[in-house]
Structure formats: structure tokens, C-alpha cells
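Here is what each chain is made of, one letter per residue.
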Amino acid sequence: MPHICRNCKRTFSTELELELHRDTCSEGQLFCDECGERFAERTATEDGWHYRCPADDCDGEGMGEDIHRVDNVRIETSV
């Protein structure tokens, strides 16, 4: 079964190859809850495990804590 990057649609033969690719995929976008910035995943991590917002004046860190993939971000509106 091929593994497909949902950001750039490249295919990989193993899940590990896909995970390694996601760290450098220029199509992947992250969002920081702390400052509201969007940025490429490769600018937020050096090792693929620890994530920090690349904005100089922001302390946002942690995938799933302050940092989220854009496709996982929901905008809440008041009615």
C-alpha cells in the first residue's frame, strides 16, 4: 500500500519514508495558537520530534499543544 503525503501528493513505499518527508515538505503548513502565524513545518523543527514557533517573539511550542497542522485548525465563530 503506498503512503501519500496529503500536502504535496508524493507517494512513498513505507510509512517511515512518509514521516521523514513531512519534516521537509514545503507544502505542509503549521499554525501557532500563541501568535497566530502560519509557517512551513521545516522551519519549526530540527529533528522532527520537537516543534517551536519560528517567530522570534513567540514562545509557542509542542505539536498538538500550541502548534497545529493547518488542516487540523478550526475557526470558531460567534453567532
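Visitor: What is the right way to read the confidence of the model for the protein chain from this model?
Guide: Detailed reading of the predicted model is not advised wherever pLDDT is low. A residue-level look at the protein chain finds 85% of positions with pLDDT of 70 or above and a mean pLDDT of 83. Looking across the protein chain, the model is least confident in strand S4 (residues 38-40), with a mean pLDDT of 84, and most confident in strand S2 (residues 11-12), with 94.

Visitor: Help me understand the nonpolar core in this model?
Guide: For soluble globular proteins, nonpolar side chains are generally found buried alongside one another. Counting residues in hydrophobic clusters, the biggest one holds eight residues: Leu30, Cys32, Phe39, Ala44, Tyr51, Cys53, Cys58 and Ile67. Not counting residues up to four positions away in its chain, the partners in contact with Cys53 are Cys32, Cys35, Phe39, Cys58, Gly60 and Ile67.

Visitor: Just checking my understanding: could you explain the layout of surface pockets for this structure?
Guide: Rolling a probe over the atoms, with the probe sized like a water molecule, indicates the empty space that remains. As a volume, the largest pocket reaches approximately 190 Å³. The wall of the largest pocket is formed by Leu16, Glu19, Leu20, Arg22, Asp23, Glu41, Asp47, Gly48, Trp49, Tyr51, Met63 and Arg69. Among the elements that take part in the lining of the largest pocket, helix H1 (residues 15-22) stands out by supplying four residues, more than any other. Residues belonging to the lining of the largest pocket are distributed by class as follows: five nonpolar, one polar and six charged.

Procedures and definitions
- Residues numbered from 1 in each chain as written.
- Predicted model: local features only at pLDDT ≥ 70, side-chain atom pairs only at ≥ 80, totals over all residues.
- Heavy atoms only, no water.
- pLDDT = per-residue confidence, 0-100.
- Helix = DSSP H or I, 4+ residues; strand = E, 2+ residues; numbered from the N terminus.
- Core = buried A, V, L, I, M, F, W, Y, C linked by side-chain atoms within 4.5 Å.
- Buried < 20%, exposed > 50% of the residue type's maximum accessible area, 1.4 Å probe, protein only.
- Contact = heavy atoms within 4.5 Å.
- 1 Å grid on protein atoms, 1.4 Å probe; cavity = no way out; pocket = protein on both sides within 12 Å on 5 of 7 lines; lining within 4 Å.
- Points joined across faces, edges and corners; volume = space filled by probe spheres on them.
- Nonpolar A, V, L, I, M, F, W, Y, C, P; charged D, E, K, R; others polar.

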